[in-house]
Structures are given as structure tokens and as C-alpha cells.
Amino acid sequence: MRGGRGGRALWLLVAMSTVSSGIALGQEAAPRPTSEGTTHYSYTFEHPQLDPTRFELRFDETGRGTFSFWRKESEEPVVLPLQLLARTVERVRAYLEAVRFLESDEEYQSERPMPSLGTVTLGVRRGDRQRCVRFTFTRNEKMRELAHLLRGIAMQEYRVFLITLARQHGPLDLDRQLRGLEAELKNGWLGEPEKLLPMLRELEQDEDVLLMVRHRAEKLARWIERERQRSGGGGSRKSGGA
């Protein structure tokens with residue numbers, strides 16, 4: 001039991017040293033002055049059987065915000081800065097406008113709850129208007145696609161965190177993390193694949209990492225660029241459930 005606590009403490013210490021932005025564990029980003037019409041978005045995915053057990057995104061209409069996650073062995077979240085692409089924010093806005101989210105009273109939860117899929121909580125605030133919904137599975141196509149996109153963003157931010165952690169503190173784990181990234185990319189599970197390119201190109205040129213890591217980084221970068229050209233946008237992403 002003592003060793004388990006020590007392992008958890010060490011992981012938290014390493015995670016804290018990795019966060020160089022000044023946003024530390026358990027701390028929210030300082031609030032920014034906003035106008036009355038500024039729109040704020042929040043997304044949470046929770047599943048007690050998974051680790052992390054919870055992902056959370058908070059961002060405004062500029063795409064700036066925070067990404068947080070909670071691991072099973074820690075009561076405190078890791079909170080990291082988030083900057084979404086402009087076209088990603090536009091996609092989120094378009095999905096919400098399509099379902100008239102702030103005006104609608106639709107609950108989105110299907111008639112049959114599916115807790116094994118995890119729970120999604122989605123919120124929007126614009127001025128004095130706000131709304132929050134919670135569901136495990138929805139039959140509303142637009143809402144299902146939005147939940148899929150947001151979960152993909154959270155998964156990508158978490159994978160980037162693990163790669164950064166491995167690069168700084170466990171370089172022998174880098175290839176395993178890139179193999180995980182490769183599987184997520186090719187299954188269309190990530191929300192903004194093109195944002196990975198600078199990191200992958202940097203790994204490709206880094207002579208301090210293993211050669212197989214450099215080759216895998218190059219392979220993944222080429223795959224993302226090829227998919228981006230094929231789709232005419234930010235790479236491919238398969239639609240799926242919440």
C-alpha cells in the first residue's frame with residue numbers, strides 16, 4: 001500500500017514538472033475579461049471503469065481554454081492550456097446551431113440509457129443564457145457527432161501529454177506512446193490531427209531519441225499530411241457514438 005502511494009506521488013510530481021505553462025494540478029486558468037456576447041463551451045466525459053476516469057474541455061469562441069483529466073490514483077486533476085483550431089470551434093458552433101441548443105429543451109438522452117458507454121455532459125453559456133445536458137447515448141445525429149468530435153479532442157490532448165511526459169522523463173516509453181497514437185489516428189478517433197505535425201516533425205529531427213521513434217514520427221507525419229490532402233481539411237475522422 002505504501003509503494004502504491006509512492007508511485008502515485010511520483011507520477012503527480014512528474015506531471016507537475018511537465019506542465020510548463022504555469023497552470024498546475026487542480027488549478028483553473030485565471031478568468032479572462034469577456035463581453036456579454038462571448039460564448040463559453042464545456043464538455044465532460046466520465047467513465048469510472050477507464051483511466052483517466054474523466055476528461056474535461058472548457059473553451060470560449062476563440063478556442064482558448066483548458067483541458068483537464070482525472071486519473072484513478074489521484075483526487076486532483078491535471079489541468080493544461082488548450083487552444084483549438086478556428087475551424088474546430090466553427091464546427092462546434094455549427095453543430096450546436098443545427099440543433100438550436102440554447103433554444104431547445106430536448107434532453108438528447110435515448111430512451112435506453114447505456115452507462116457502459118460513459119456519460120457526456122455538454123454545456124453552453126452566452127451572456128445570461130446557459131444550458132447543460134447530460135447523456136450516455138443519443139439518437140440525435142448532430143449531437144452524437146459533436147460528442148464524438150469533443151471526445152476526440154480530449155483523447156488527442158491526453159495522448160500529447162503522455163508523449164511529452166515520456167520524452168522528458170521516460171524516453172524508452174516514447175515508441176509505445178507513438179504506437180498508441182498511430183492506432184488512434186488510423187481509427188479516426190482524434191479531433192485535430194494536423195495539430196500533431198509540429199510535435200512529430202520535431203521528434204523526427206531529434207537525434208536524442210531512438211531511431212525507431214524518429215522513423216515512426218516521420219511515418220505518422222506523412223500519414224497525417226496525406227489524409228489532410230485527401231480530405232481537403234484537417235485529416236480524416238470517423239463518426240461514431242458518444
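Preceding this paragraph is the structure being described.
Residues numbered from 1 in each chain as written. Predicted model: local features only at pLDDT ≥ 70, side-chain atom pairs only at ≥ 80, totals over all residues. Heavy atoms only, no water.

Engineer: I tried to follow a nonpolar patch on the surface on my own but got confused; where do I start?
Structural biologist: Together, Leu-172, Leu-210 and Met-212 make up an exposed nonpolar region whose accessible area comes to about 330 Å². Note on Leu-172: relative accessible area 74%, which makes it exposed. (Patch = residues over 30% accessible without salt bridge, like charges linked within 9 Å, V, L, I, M, F, W, Y side chains within 5 Å. Areas by Shrake-Rupley, 256 points an atom, 1.4 Å probe, with all protein chains shown as cover. Salt bridge = Lys/Arg side-chain N within 4 Å of Asp/Glu carboxyl O. Buried < 20%, exposed > 50% of the residue type's maximum accessible area, 1.4 Å probe, protein only.)

Engineer: Is there a simple way to explain the nonpolar core in this structure?
Structural biologist: As a rule of thumb, nonpolar side chains are buried together in soluble globular proteins. In this structure, Leu-57, Phe-101, Leu-122 and Leu-150 are the most contacted members of the largest nonpolar core, which totals 36 residues. Elements with a minimum of two residues in this core: β1 (39-46), β2 (54-60), β3 (64-70), β4 (78-83), α2 (86-98), β5 (119-126), β6 (129-135) and α3 (141-169). Here this core takes 11 residues from α3, the largest share from any one element. When residues no more than four places from it in sequence are discounted, the contact partners of Leu-122 are Ser-42, Tyr-43, Leu-96, Phe-101, Arg-131, Cys-132, Val-133, Met-143, Leu-146 and Leu-150. Among the nonpolar cores identified, the runner-up in size contains 20 residues, and Leu-178, Leu-190, Val-209 and Leu-220 belong to it. (Core = buried A, V, L, I, M, F, W, Y, C linked by side-chain atoms within 4.5 Å. Helix = DSSP H or I, 4+ residues; strand = E, 2+ residues; numbered from the N terminus. Contact = heavy atoms within 4.5 Å.)

Engineer: How should I be thinking about the packing of aromatic side chains in this particular structure?
Structural biologist: Centre distance and the angle of the planes are the two values used to describe a pair of aromatic rings. Inspection of every chain in the model, using the stated rule, returns seven aromatic pairs. Their ring planes at 55° and their centres at 5.6 Å tell us that Phe-55 and Tyr-158 sit as a pair that is tilted. Taken as a pair, Phe-55 in strand β2 and Tyr-158 in helix α3 lie far apart in primary sequence, 103 residues in all. Taken together, a centroid distance of 6.2 Å and an interplanar angle of 15° make the contact between Phe-101 and Tyr-108 stacked. When sorted by exposure, Phe-101 lands in the same class as Tyr-108, which is buried. Linked through ring pairs, Phe-55, Phe-67, Phe-69, Tyr-158 and Phe-161 together constitute an aromatic cluster. (Phe/Tyr/Trp six-rings, centres within 6.5 Å; stacked < 30°, edge-to-face > 60°.)

Engineer: Would you mind going over helix α4 (residues 174-186) with me for this structure?
Structural biologist: Within an α-helix, residues lying three or four positions from one another point in the same direction, as the helix has 3.6 residues per turn. The end-to-end C-alpha distance of α4, which contains 13 residues, comes to 18 Å, matching closely the 18 Å that a straight helix rising 1.5 Å per residue would cover. Every buried residue of α4 is accounted for by Leu-174, Asp-175, Gln-177, Leu-178, Gly-180, Leu-181, Glu-182, Glu-184 and Leu-185. On the buried face of α4, the contacting elements are α3, α5 (197-205) and α6 (211-231). Two residues or fewer after α4 comes Gly-188, characterised by a positive phi angle close to 70°. (Expected span 1.5 Å × (residues − 1).)

Engineer: Would you mind showing me how to read the pairing of β2 here?
Structural biologist: The buried fraction of β2 amounts to five of the seven residues, a majority that puts the element mostly inside the structure. Pairing of β1 with β2 involves seven bridges; the strand directions are antiparallel. Residue pairing for β2: Ser-42 is matched across the bridge by Arg-58. Two elements, β2 and β3, share six bridges in a ladder whose sense is antiparallel. Bridge pairing in β3 links Leu-57 to Phe-67. (Pairing = 2+ DSSP bridges.)

Engineer: Please clarify how unusual backbone geometry should be interpreted in this entry.
Structural biologist: The phi torsion of most residues other than glycine is negative, and most of the peptide bonds are trans. Residue Pro-52 is bonded to the preceding Asp-51 through a cis peptide linkage, with omega at 5°. At Arg-100, a residue that is not glycine, the phi angle is positive and equals roughly 50°. Here Arg-100 lies in the loop between α2 and β5. Since its relative accessible area comes to 51%, Arg-100 is described here as exposed. Backbone geometry places Tyr-108, a non-glycine residue, at a positive phi of 75°. In this fold, Tyr-108 is placed in the loop between α2 and β5.

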